[in-house]
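# Structural description and commentary
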Amino acid sequence: MEKLIDFYELTMEHTDIKNKKENEICYFDVFFRKNLDDGGYNVICGLHEIIEYIKNLKFTDEDIEYLRSLNKFDEETLNYLRNFKFTGDIYAVPDGTVMFKNEPCITIRATALEAQIIETDLLNKFNHGSLIATKARRITNAAKDKGVMEFGARRAQGSDAAIVGAKAAYISGCIGTSCYETGKRYGVPLLGTMAHSHIMKYDNEYEAFLAYAKCFPNDSVFLVDTIDTLKSGVPNAIKVAKDYLIPNGYTLKGIRLDSGDLSYLSKEARKMLDEVGLYDTKICVSNSLDEYTITSLLSEGAPIDSFGVGENLITSKSSPVFGGVYKLSAIEKEGKIEPKIKISDNVGKITNPGFKKVVRFYNKDTGYAMADVIALRDEEISNETYTILDENSNHKTHTLENYTARELQIPIFINGKLVYEEPTLEETRNYAKEEIKTIYPESQRLYNPHIHHVGLSKELLKLKRKMIMDTKGISYEIAMQRVLK
């Protein structure tokens, strides 16, 4: 099995072993600092791939021999790696969960060595899955009730990115993919029409359409822009429908436009189809589509029934980096949790210390998510009223009432054992569909989305401020007295 491990993780392993720190329990949080495309939310994905990685991670004899050849590690370290097995705990939000910046999406409790070894591969899978799931949700939201097909395999950054990315897109609302391996491996519906080369191989466009219709009479969707969309493509599609499909009990399922002014061409094509009674023939469009183009097309009244979206989805071309990070938040000594904090001149990079949880509050009347709180793991959350604090403004508070509260992370591995019963792909897709319904529409708009409120609990905020001041050599108690004055 391939392993993504940054070399410094191995050098830290060696250093910890030499300094007898290999059994020290550490807590790490996986979170992100920014929403994709400056949007109002992100969709988390990649848990299935992380689970498979953790279950199967081991160092082979070949790995050990390669590491020995580097002349960097002694036999004690190599023996540790040879016998490596993850024995820690992992808590995570399920695939399809909507999350916001700085919220722990995954928490790892494990020995320092185990937690360090899994960092890079875990982040890779988290970042890629969440990147595509978020982009796909933005695109499928823009398409409203129109189907979106994932067509990006040939533009993806590698085969794994294409295969797993198409699955993430399906979880976030796409109706299917053109990627054969994704269909085979995961059961995602396979969709597609034809390439321009199919038409060009025949003597004329009519013969190309007719040949395809005879092979796939129930799935006749013709690509009509190879020669001239309105003067050749659509008329030939109609002619095949009249000459072969309809007389044999079939119908023209659809046409696809892949170039030109898609709004104008779809309107004119719709008129031509309707004039001959092909009211049920669907119009699909493709050609470098994204959520903004789709929104524009629909706002212009383009009679489009589905969209084929490729490179802008499978690479998240407008924002190709998700930005998830993996930060130490606590260590455990003699059964006691000792919080840790990363200080930075960049305020946004100061981490939240301790073993934490994320709780979401839902309005009992509407079902919408009202706000989230990041709290210490052992804090109790009131069932009646709760006040969330803004860490950047002492005067800003957010008091909630009439809610139900839900803790978002759930156990995945405990003591190295998988305790999470993985849902089917369709169950995950349905969960993701219901999740996005709980987010206010104002937070889902493409431009200037409403910011979902995420605050810190009183105890976490107090701990964070105290640790910052302690690091700077400032007395927390004296500082608070000055604030109160």
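Our structure's up above, just so we're on the same page.
Since we're looking at a predicted model, the values are computed, not measured. (Residues numbered from 1 in each chain as written. Predicted model: local features only at pLDDT ≥ 70, side-chain atom pairs only at ≥ 80, totals over all residues. Heavy atoms only, no water.)

A few words now on the side chain of Asp 290. Position of Asp 290 among the secondary structure elements: in the loop between strand E10 (282–285) and helix H13 (291–299). Within the buried core, Asp 290 has no salt-bridge partner, and the shortest N-O distance to an opposite charge, that of Lys 135, equals 5.8 Å. Of the polar contacts made by the side chain of Asp 290, one reaches the backbone nitrogen of Tyr 292; its length is 3.1 Å. A distance of 2.8 Å separates a polar atom in the side chain of Asp 290 from the backbone nitrogen of Thr 293. Apart from the residues within four sequence positions on either side, Asp 290 is in contact with Ile 139 and Asn 312. (Helix = DSSP H or I, 4+ residues; strand = E, 2+ residues; numbered from the N terminus. Buried < 20%, exposed > 50% of the residue type's maximum accessible area, 1.4 Å probe, protein only. Lys, Arg positive; Asp, Glu negative; His and termini not counted. Salt bridge = Lys/Arg side-chain N within 4 Å of Asp/Glu carboxyl O. Polar contact = N/O pair within 3.5 Å; in protein donor to acceptor, adjacent residues only side chain to side chain. Contact = heavy atoms within 4.5 Å.)

We now examine the packing of helix H6 (residues 119–143) against H13. The angle between the axes and the distance between the axes are what describe a pair of packed helices. Here H6 crosses H13 at 5°, and the two axes come no closer than 8 Å. Relative to H13, the element H6 is oriented roughly parallel. Residues Lys 135, Arg 138, Ile 139, Ala 142 and Ala 143 of H6 form the contact with H13, whose own contacting residues are Glu 291, Tyr 292, Ile 294, Thr 295 and Leu 298. Of the residues contributing to the contact of H6 with H13, the split by class is 6 nonpolar, 1 polar and 3 charged. (Axes fitted to C-alpha atoms, helices over the stretch in contact; angles between N-to-C directions. Parallel < 35°, antiparallel > 145°, perpendicular 65-115°, else oblique. Nonpolar A, V, L, I, M, F, W, Y, C, P; charged D, E, K, R; others polar.)

This part covers the sheet that holds strand E5 (residues 106–111). Reading across the sheet, the 7 strands line up as E13-E12-E1-E5-E3-E19-E20 and stay open at both edges, with antiparallel pairing between neighbours. Lying at the two open borders of the sheet, with one neighbouring strand each, are strand E13 (336–339) and strand E20 (417–418). Sheet analysis places strand E3 (residues 89–92) next to E5, joined by 4 bridges and oriented antiparallel. Looking at E5, one finds that Asp 89 is bridged to Arg 109. (Pairing = 2+ DSSP bridges.)

Phi at Asp 38 takes a positive value of approximately 55°, unusual for a residue other than glycine. Examined against the element boundaries, Asp 38 turns out to sit in the loop between strand E1 (25–32) and strand E2 (42–43). If you check the backbone angles, Asn 287 has positive phi at about 110° while not being a glycine. In this structure, Asn 287 sits in the loop between E10 and H13. A relative accessible area of 37% means that Asn 287 is categorised as partly exposed.

Attention now moves to the packing of aromatic side chains. Under the counting rule described, the total for this entry stands at 15 aromatic pairs. Measuring from centroid to centroid gives 6.0 Å for Phe 7 and Phe 73, while their planes differ by 70°, and the two rings are edge-to-face. In this pair, Phe 7 sits in helix H1 (residues 7–18) while Phe 73 sits in the loop between helix H3 (61–69) and helix H4 (75–82), placing the two residues 66 residues apart along the sequence. Phe 73 gets classed as buried once you look at its relative accessible area, which sits at 10%. Between Tyr 27 and Phe 355, the ring centres sit 4.8 Å apart and the planes meet at 45°, which makes this aromatic pair tilted. Residue Tyr 27 is found in strand E1, and its partner Phe 355 is found in the loop between E13 and strand E14 (356–363); the two are separated by 328 residues along the sequence. Both residues of the pair, Tyr 27 and Phe 355, belong to the buried class. In this structure an aromatic cluster arises from ring pairing among Tyr 27, Tyr 91 and Phe 355. Residue placement shows Arg 429 over the ring face of Tyr 170; its charged tip is 4.2 Å from the ring centre. (Phe/Tyr/Trp six-rings, centres within 6.5 Å; stacked < 30°, edge-to-face > 60°. Lys NZ or Arg CZ within 6 Å of the ring centre and 35° of its normal.)

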